Amino acid sequence: MLCSTIAVPIAEAQTPFALTKRGSAREMTAYDEHGKIIGYEVYEVEDTWKSADSSIYRMNCYMLDDNHANDGFTPMKMNIYQYDGGVIDYAFAGAIFRQCIGILTGANKGSSQNSLAKSKITVSGALGLIPNDMQSGDRLKESKFKVNALGIPITISNIKRAVLGQETVTTPAGTYTCLKVQEFIKVSVLMFSKTIRVVSWYAPGIGEVKNQAFFNGNASDTTPDSYSILYKCR
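Please read all numbers here as calculations on a predicted model, not as lab measurements. (Residues numbered from 1 in each chain as written. Predicted model: local features only at pLDDT ≥ 70, side-chain atom pairs only at ≥ 80, totals over all residues. Heavy atoms only, no water.)

## A look at the pattern of salt bridges
Per the stated rule, a full pass over the model turns up four salt bridges. The partner of Asp 47 in a salt bridge is Arg 22, and the shortest N-O contact between them spans 2.8 Å. Placement of Asp 47 in strand 2 (residues 37–51) and of Arg 22 in the segment before strand 1 (25–32) is noted, with a sequence separation of 25 residues between them. The class of Asp 47 is partly exposed, set by a relative accessible area of 30%. (Salt bridge = Lys/Arg side-chain N within 4 Å of Asp/Glu carboxyl O. Helix = DSSP H or I, 4+ residues; strand = E, 2+ residues; numbered from the N terminus. Buried < 20%, exposed > 50% of the residue type's maximum accessible area, 1.4 Å probe, protein only.)

## Things to note about the nonpolar core
If you look at the biggest cluster of nonpolar residues, it comprises 18 residues, and the most contacted ones within it are Met 59, Tyr 176, Cys 178 and Val 209. Put simply, the parts of the chain that give this core at least two residues each are strand 2, strand 3 (54–64), strand 10 (174–189), strand 11 (192–203) and strand 12 (207–214). When neighbours within four sequence positions are excluded, Val 209 is seen to be in contact with Met 28, Val 169, Thr 171, Tyr 176, Cys 178, Trp 201, Ala 203, Ser 228, Ile 229 and Leu 230. Within the second largest apolar cluster, eleven residues are counted, among which are Ile 185, Val 187, Ile 196 and Ala 213. (Core = buried A, V, L, I, M, F, W, Y, C linked by side-chain atoms within 4.5 Å. Contact = heavy atoms within 4.5 Å.)

## Quick word on the side chain of Arg 161
Turning to its location among the elements, Arg 161 is positioned in strand 9 (residues 152–171). Of note is the side chain of Arg 161, whose polar atom sits 3.2 Å from the backbone oxygen of Leu 129. (Polar contact = N/O pair within 3.5 Å; in protein donor to acceptor, adjacent residues only side chain to side chain.)

## What about the packing of aromatic side chains?
Counted by the stated rule, this structure contains two aromatic pairs. Ring centres of Tyr 31 and Tyr 227 lie 4.7 Å apart, and the angle between their planes is 10 degrees; this geometry places the pair in the stacked category. On the criterion of sequence distance, the pair formed by Tyr 31 in strand 1 and Tyr 227 in strand 13 (residues 226–233) is long-range, its members being 196 residues apart. When its relative accessible area of 17% is taken as the criterion, Tyr 31 is described as buried. Overall, Tyr 227 belongs to the partly exposed group, its relative accessible area being 25%. Its guanidinium or amino end placed over the ring of Phe 184, Lys 160 lies 5.7 Å from that ring's centre, counting from NZ or CZ. (Phe/Tyr/Trp six-rings, centres within 6.5 Å; stacked < 30°, edge-to-face > 60°. Lys NZ or Arg CZ within 6 Å of the ring centre and 35° of its normal.)

## Quick look at the pairing of strand 2
Both strand 1 and strand 2 contribute to a ladder of seven bridges, which runs antiparallel. Counted as the bridge partner of Thr 29 is Tyr 40 from strand 2. Following strand 1, the chain reverses through four residues before pairing antiparallel with strand 2; Gly 35 in that reversal takes a positive phi of roughly 80 degrees. Two elements, strand 2 and strand 3, share eleven bridges in a ladder whose sense is antiparallel. Across the sheet, Asp 47 pairs through a bridge with Arg 58, a residue of strand 3. Here strand 2 folds back onto strand 3, and the loop between the two strands holds two residues, one of which, Ala 52, carries a positive phi near 55 degrees. (Pairing = 2+ DSSP bridges.)

## Some points on the confidence of the model for the chain
Counting all residues, the mean pLDDT for the chain is 76, and 72% of those residues have values of 70 or more. The spread of mean pLDDT over the elements of the chain runs between helix 2 (residues 112–119), the lowest at 48, and strand 13, the highest at 92. Within the model, the stretch residues 101–113 combines pLDDT values under 50 with 36 contacts to residues more than four positions away or in other chains. Counting contacts from residues 115–119, a segment whose pLDDT is below 50, to residues more than four positions away or on other chains yields 17 contacts. (pLDDT = per-residue confidence, 0-100.)

## Examining the environment of Thr 48
Among the structural elements, Thr 48 can be located in strand 2. On a C-alpha basis, the gap between Thr 48 and Lys 21 in space is 7.6 Å, while along the polypeptide they are 27 residues apart. Those residues in contact with Thr 48, other than ones at most four positions away along the chain, are Thr 20, Arg 22, Ile 56 and Tyr 57. Of the polar contacts made by the side chain of Thr 48, one reaches the backbone oxygen of Ile 56; its length is 3.2 Å.

## Section: unusual backbone geometry
Of note in the backbone geometry, Lys 160 takes a positive phi value of approximately 50 degrees without being a glycine. Here Lys 160 is to be found in strand 9. Notably, Leu 190 is not glycine yet its phi reads approximately 55 degrees, a positive angle. Within the secondary structure, Leu 190 sits in the loop between strand 10 and strand 11.

Spelled out as structure tokens, the structure:
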């Protein structure tokens, strides 16, 4: 799971689709294709400060195992910038990295953090922007970023991004009115290329409360290969 960076123009009145309060955290239960719990993804705002016309958030991102215990690695720390009236979508990569990085490292696909720590991953580029004012029917900006894991370059393109509509989502943490976003993630590793469809539900002030990943990239597929749902917010 990858965290990138968040930021909002200081005068922006709309609530961003992300956590922004110092000390707040979002915990997602991750499942495999059989509905078995494979771990808990945690996104935590460690600190926040202002720079020029943006807000910067220091994020801790880590994975707990299926017994809800830390897997022994120090959380990844990423600075997230909020700008242009939106936030960088740092959540969707959980679904991608559970598969892609796990395959590269031979680690258990549920242990995203374990894989990341062993891979000494570097990232360049940006994840997709989630606008504060997005509405049903919107087409969102596409993006591309590069990952280097174990010396192997990976290019990930975030394409065909659209807001499908508004839905109510019930989770163990509560019920939320969300916007449903669909995007296609093209992963290129050496001579190999694969397109994955990811559907995410975003709640204002929290961010992603549910996601589903379809590894065949088929828009008509209704059976996800992995998914996660909000376990608790604090």
